[in-house]
Amino acid sequence: MKYQVNKGFIKHEGVLHPKGSFFNADPTEVEHLSSKDIVLASEFVAEDLMLNKDLLSGNQGDLHELPTVEEFGKLKPAKQKELLLELEIEPDSNEALRLQQYTEYYDQADSDEDV
């Protein structure tokens, strides 16, 4: 069945899918994510076709991989805050706490790798 990422990023079969992207999965594999509205079952073929056209034309929009925790730590504060906001996390003003916020998110995304 086809699903759309509704919040943050989902790692499925080794591929990182950002918010708004589509991926195929068995319903039992994403049941826990569906119950939290992180992914939504997608029956909208038109939206999927639009996404495929963008990918074929080379316009991949916001597709990118999450930086590692070490890479995140090297970012300037403004970039750290921007990335946390993209992940729908309210960034802390303290750099050490921002690193902790990101580490928790990154570890969670990594643990969902088999989704």
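Here the structure is a predicted model, which means the values were calculated and not measured. Along each chain, residue indices are assigned from 1 in the same order as the chain's sequence is written. Per-residue local features are limited, in this predicted model, to residues with pLDDT of at least 70; the limit for side-chain atom pairs, both in listing and counting, is 80 or more; totals at the level of whole chains, interfaces and linings are taken over all residues. Heavy atoms from the whole structure form the basis of all side-chain values; hydrogens and water molecules are not counted.

A word on the environment of F72
Counting through the fold element by element, F72 comes out in helix α3 (residues 69–74). The exposure class assigned to F72 is buried, which follows from its relative accessible area of 0%. Only DSSP runs of H or I covering at least 4 residues are called helices, and only runs of E covering at least 2 are called strands; the numbering of each starts at the N terminus. Burial status follows relative accessibility: with a 1.4 Å probe on protein chains alone, a residue under 20% of its type maximum counts as buried, one over 50% as exposed, and anything between as partly exposed.

Focus on unusual backbone geometry
Backbone geometry at E88 places phi at a positive 60°, although glycine is not the residue there. Mapped onto the fold, E88 is located in the loop between α4 (77–86) and α5 (95–111).

What to know about the confidence of the model for the protein chain
Think of pLDDT as the predictor's per-residue confidence, scored from 0 to 100. Looking at the protein chain as a whole, its pLDDT mean stands at 75, while 74% of the residues score no less than 70. Between the elements of the protein chain, mean pLDDT differs from a low of 46, seen in helix α2 (residues 45–56), to a high of 90, seen in α4. Scored below 50 in pLDDT, residues 44–63 shows 12 contacts in the model against residues more than four places distant or in partner chains. By definition in these notes, contact holds between two residues if any of their heavy atoms fall within 4.5 Å.

Description of the sheet that holds strand β5 (residues 39–41)
The pairing criterion for strands is at least two bridges between them, as found by DSSP. Spatial strand order, β4-β1-β5: 3 strands in an open sheet with antiparallel pairing. Both edges of this open sheet fall to β4 (22–24) and β5, since each of them pairs with a single strand only. Within this sheet the neighbouring strands show an average axis-to-axis angle of 35°, counted without direction. Across 3 bridges, strand β1 (residues 2–5) lies against β5 in antiparallel orientation. Bridge pairing in β5 links V5 to V39. To define axes, lines are fitted to C-alpha atoms, for helices over the stretch in contact only, and angles between the resulting N-to-C directions are given on a 0 to 180 degree scale.

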